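One-letter residues, chain by chain:
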Amino acid sequence: MTVLDSPIPRFHLAVPVDDLAAARRFYGDVLGLEQGRSADTWVDWNLHGHQFVTHLAPERAQRIHNPVDGHDVPVPHFGLVLTLEAFQGFAERLRAAGTEFVIEPYVRFAGQKGEQWTMFLLDPAGNALEFKAFADDSQVFAA
């Protein structure tokens, strides 16, 4: 089954960036996303089958942080829920690229319902990304 055949709807997300060349390096080279269509003010990316777009927007609002699990979590943020194997490999790819993490990869809720690995980083424009993986994928929405 391809992502296009998946019963799970794909999302579309557009985020502001202040430098399209830096966005191309980060999302294309560091994160390894396939680039789609583009223009002078935007670039489409394939984020694991989801349509993710970086739009040139030089002025940005002030960033907000919320305390979560002893960390300052940047808001807003977005990302993907990966398999544990993909998460570990992705974390290594980011480390090899010299990525500075806002929150280093670590395990939350160890041994509890909803146990998950998580990491936070910023793109060159300051957009916050979170990538995570659950020990048991059926626990993604555990209460």
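As shown above, the structure is provided for reference.
Residues numbered from 1 in each chain as written. Predicted model: local features only at pLDDT ≥ 70, side-chain atom pairs only at ≥ 80, totals over all residues. Heavy atoms only, no water.

### Some thoughts on helix α1 (residues 20-30)
What counts here: Using a 1.4 Å probe on the protein chains alone, a residue whose accessible area is under 20% of its type maximum counts as buried, one over 50% counts as exposed, and one in between counts as partly exposed. In this text, helices come from DSSP runs of H or I with a minimum length of four residues, and strands from runs of E with a minimum of two, each type numbered from the N-terminal end. To be clear, the arc concerns the directions from the helix axis to the C-beta atoms. Polar contacts here mean pairs of N or O atoms no more than 3.5 Å apart (in protein, one a potential hydrogen donor and the other a potential acceptor; neighbouring residues in sequence count only if both atoms are side-chain atoms).
The complete set of buried residues in α1 reads L20, A22, A23, F26, Y27 and V30. All buried residues of α1 lie within an arc of 160° about the axis, which places them on one face of the element. For α1, the N-terminal capping position is held by D19, with its side-chain oxygen 3.0 Å away from the main-chain nitrogen of A21. At the exit of α1 stands G32, carrying a positive phi of roughly 75°.

### Let's talk about the nonpolar core
Grouped burial of nonpolar side chains is what soluble globular proteins tend to show. The line we're drawing: We call a set of buried residues a nonpolar core when its members are Ala, Val, Leu, Ile, Met, Phe, Trp, Tyr or Cys and they connect through side-chain atoms within 4.5 Å of each other. Only heavy atoms enter the contact rule, under which two residues are in contact if any of them lie within 4.5 Å.
Y27, L31, L94, M119, L129 and F131 are the most contacted members of the largest nonpolar core, which totals 27 residues. At the level of secondary structure, the elements contributing two or more residues to this core comprise β1 (12-17), α1, β3 (42-47), β7 (77-82), α2 (84-96), β9 (116-122) and β10 (128-134). Ranked by the residues each element gives to this core, the list is headed by α1, at five residues. Sequence-distant contacts of Y27, that is, excluding residues within four places in its chain, are made with G32, L33, W45, F52, T54, F78, D123 and L129.

### A short note on the environment of L33
For L33, the position within the fold is in the loop between α1 and β2 (34-39). Classification of L33 by relative accessible area gives buried; the value is 10%. Residues contacting L33, with those up to four places away along its chain left out, are Y27, G28, W45, N46 and L47.

### Some thoughts on α2
The condition that has to hold: To estimate the expected span of a helix, count its residues, drop one, and scale the result by 1.5 Å.
Taking 1.5 Å per residue, 13 residues should reach 18 Å; α2 reaches 18 Å between its end C-alpha atoms and fits that length. Residues of α2 that are buried include every one of F87, F90, A91 and L94, and no others. Along α2, the residues classed as buried sweep out an arc of 105° about the axis, all on the same side. Exposed residues lying more than 90 degrees from the buried face of α2 are E85 and A96. Of the surrounding elements, those touching the buried residues of α2 are α1, β7, β8 (101-108), β9 and β10. A positive phi of about 75° marks G98, the residue just after α2.

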